[in-house]
Amino acid sequence: MEGQREITDLPVEVLDLIYKFLRLEPDKLNLAQTNRYLRQVFAFHSRHDFKIIPKGHFLPLDTWRIVLPLCGSNVYEFRECIYEASSPELKELVVLHCPNLERINLRISSESVDSVIPFLWKIKDKLRSVHLGYASDYSTKIYPKLLKDIPEMSLLRVLRIENISIDEVFHFQKFINLEELDFTVRKAFVPKIPMPSYPTANIFSIFEPFKKLRSLSVLGVTVASEDTDSINPILTLEELKLVDCYITMDFPTCPKLKSMTLMQNRMYDSEGSVRRSILNQGETLERLVFNRPYTQYDNQGFLELLRGCRRLRYLKLAVGDVKFYLHVVREIVDILRKNGLDANDPLELTVDQNYKFKCLRHWVSSKDSLKAKRRLIFKTW
């Protein structure tokens, strides 16, 4: 019939609305496969989708063969989950059709580990962020060779890797331009010894050459140094997090450190060292989390901490030996006043014991002369 029009005669904006009415992804893809023009419209319609794959897009491989050539330029992160059998072809499609890929987040299984290294070599010049997870059942098979064989990546700025051997820590040197590093070291279990041993590393000496490193998070090492007189700081470090570590040394003063988190660490012989290390950062420290109930500050130590860290604005602390008597609370408020805190710039204090929280709240709410509400926000965890 003369004058008859087809769906392909419709403008992109109208076809985009049609795609919006198709709720299911398979229906959209079926329409897209009927015509080259409709494939182009599908790419336009999906311009804000598929940024992270396969997150939220549990599609069969046949579908990815269609989607990635059309929408691969949208992708900036690729995630591979250990619980899914991932075909090598999907990685090849990512290599071919995802020019803007910047991040990968891989959960590696024994079945996928052999394909990880070649895949990383093919995309090494794109990546800015790499996160390598692990399956605990296969960790001894995966990680002895993984970090050693990862290629250098000139653009890499963020690296998170779990369950490495302590012998591999020195391979981080190939990523000298890192800005954020988060790693977990595999503990060594010795027969007939119930507690695992913590491998030793002087993290400050290892990462002192890193001139761009702003954030360092470490889990599962003994932080120690044989030569305590020649420990150099990490000059650019702004955030330090140590979790489940043995700490047996004083930290050097890092001139830009603003945040320190010490959680569930073992430091039976070094509580004084850790407190000194915190005070050494007093000129710059703004946030401190010290979560270890059996390393408790008393009144003197708590007040010394507030005096020594004048920039502190967030403090989460175990306060088992701190007694919040009225005269102690008065002194706390006086220190905060001298530190320049006010209603617009208060200290947020989080304590671990509910009855201590109630005691502090009682004095602050009942004594208007303290004016503590202007300088102190307090909570319990």
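The structure we're discussing is the one just above.
Residues numbered from 1 in each chain as written. Predicted model: local features only at pLDDT ≥ 70, side-chain atom pairs only at ≥ 80, totals over all residues. Heavy atoms only, no water.

1. Examining the pattern of salt bridges
Scanning the model with the defined rule gives 19 salt bridges in all. One salt bridge connects Arg107 with Glu162, and the closest N-O pair in it is separated by 3.7 Å. Of this pair, Arg107 sits in strand β3 (residues 103-107) while Glu162 sits in strand β5 (residues 158-164), and the two are 55 residues apart along the sequence. (Salt bridge = Lys/Arg side-chain N within 4 Å of Asp/Glu carboxyl O. Helix = DSSP H or I, 4+ residues; strand = E, 2+ residues; numbered from the N terminus.)

2. Digging into helix α1 (residues 12-21)
Along an α-helix, residues three or four positions apart point the same way, because every turn accommodates 3.6 residues. Within α1 the residues assigned to the buried category are Leu15, Asp16 and Tyr19. End-on view of α1: buried residues confined to an arc of 110°, all on one side of the axis. Across α1 from its buried face, at more than 90 degrees, point the exposed residues Glu13 and Phe21. Contacts made by the buried residues of α1 are with α2 (25-32) and α3 (36-45). (Buried < 20%, exposed > 50% of the residue type's maximum accessible area, 1.4 Å probe, protein only. Arc of directions from axis to C-beta. Contact = heavy atoms within 4.5 Å.)

3. Quick notes on the packing of helix α10 (residues 299-308) against helix α11 (residues 326-338)
Between α10 and α11, whose axes approach to 10 Å, the crossing angle comes to 15°. Regarding the angle of α10 to α11, the classification is roughly parallel. Here the hand of the crossing between α10 and α11 comes out right-handed. Mapping the contact onto sequence places Asn299, Phe302, Leu303, Leu306 and Arg307 in α10 and Val328, Glu331, Ile332 and Ile335 in α11. When grouped by side-chain class, the residues that make up the contact of α10 with α11 number six nonpolar, one polar and two charged. (Axes fitted to C-alpha atoms, helices over the stretch in contact; angles between N-to-C directions. Parallel < 35°, antiparallel > 145°, perpendicular 65-115°, else oblique. Left-handed = near helix turned anticlockwise from the far one by under 90°. Nonpolar A, V, L, I, M, F, W, Y, C, P; charged D, E, K, R; others polar.)

4. What about the packing of α1 against α3?
In the contact formed by α1 and α3, the axes pass within 9 Å of each other and the chain directions differ by 70°. It follows that α1 is roughly perpendicular to α3 by the angle criterion. Two secondary-structure elements touch here, α1 through Val12, Leu15, Asp16, Tyr19 and Lys20 and α3 through Tyr37, Leu38, Val41, Phe42, Phe44 and His45. Partitioning the contact of α1 with α3 into residue classes produces eight nonpolar, one polar and two charged.

5. Observations regarding the state of the cysteines
One pass over the full model with this rule turns up zero disulfides. Cysteine Cys71 is unpaired, with the sulfur of Cys98 as its nearest cysteine sulfur at 10.0 Å. (Disulfide = S-S within 2.5 Å.)

6. A few points about the pairing of strand β14 (residues 314-317)
By the bridge criterion, four bridges tie strand β13 (residues 287-291) to β14 in an arrangement that is parallel. The residue of β14 that forms the bridge with Arg287 is Tyr314. Pairing geometry for β14 and strand β15 (residues 347-351), over four bridges, is parallel. When the sheet's bridge partners are listed, Leu315 is paired in β15 with Leu349. The handedness of the β14 to β15 crossover, carried by α11, is right-handed. (Pairing = 2+ DSSP bridges. Right-handed = clockwise from strand over helix to strand, strands pointing away.)

7. Structural notes on the sheet that holds strand β7 (residues 200-201)
Across the sheet, which stays open at both edges, the three strands sit in the order β7-β9-β11 with parallel pairing between neighbours. The sheet terminates laterally at β7 and β11 (246-247), the two strands that pair on one side only. By the bridge criterion, two bridges tie strand β9 (residues 222-223) to β11 in an arrangement that is parallel. What sits directly across from Thr222, in β11, is Tyr246.

8. A few points about the nonpolar core
One broad trend across soluble globular proteins is that nonpolar side chains are buried collectively. Within the largest apolar cluster, 105 residues are counted, with the highest numbers of intra-cluster contacts made by Phe172, Phe183, Phe207, Leu216 and Ile278. Here Ile278 is in contact with Met260, Leu262, Leu285, Leu288, Phe290, Tyr297, Leu305 and Cys309, once residues within four sequence places are set aside. (Core = buried A, V, L, I, M, F, W, Y, C linked by side-chain atoms within 4.5 Å.)

9. With respect to the pairing of strand β12 (residues 259-263)
Extensive coverage of β12 is indicated by the burial of four of its five residues. Pairing analysis gives five bridges linking strand β10 (residues 239-243) to β12, with the strands arranged parallel. Among the inter-strand pairings, Val243 is bridged to a residue of β12, identified as Met263. Judged from the five bridges that link them, β12 and β13 form a sheet pairing that is parallel. Across the sheet, the residue bridging to Leu262 is Phe290, located in β13.

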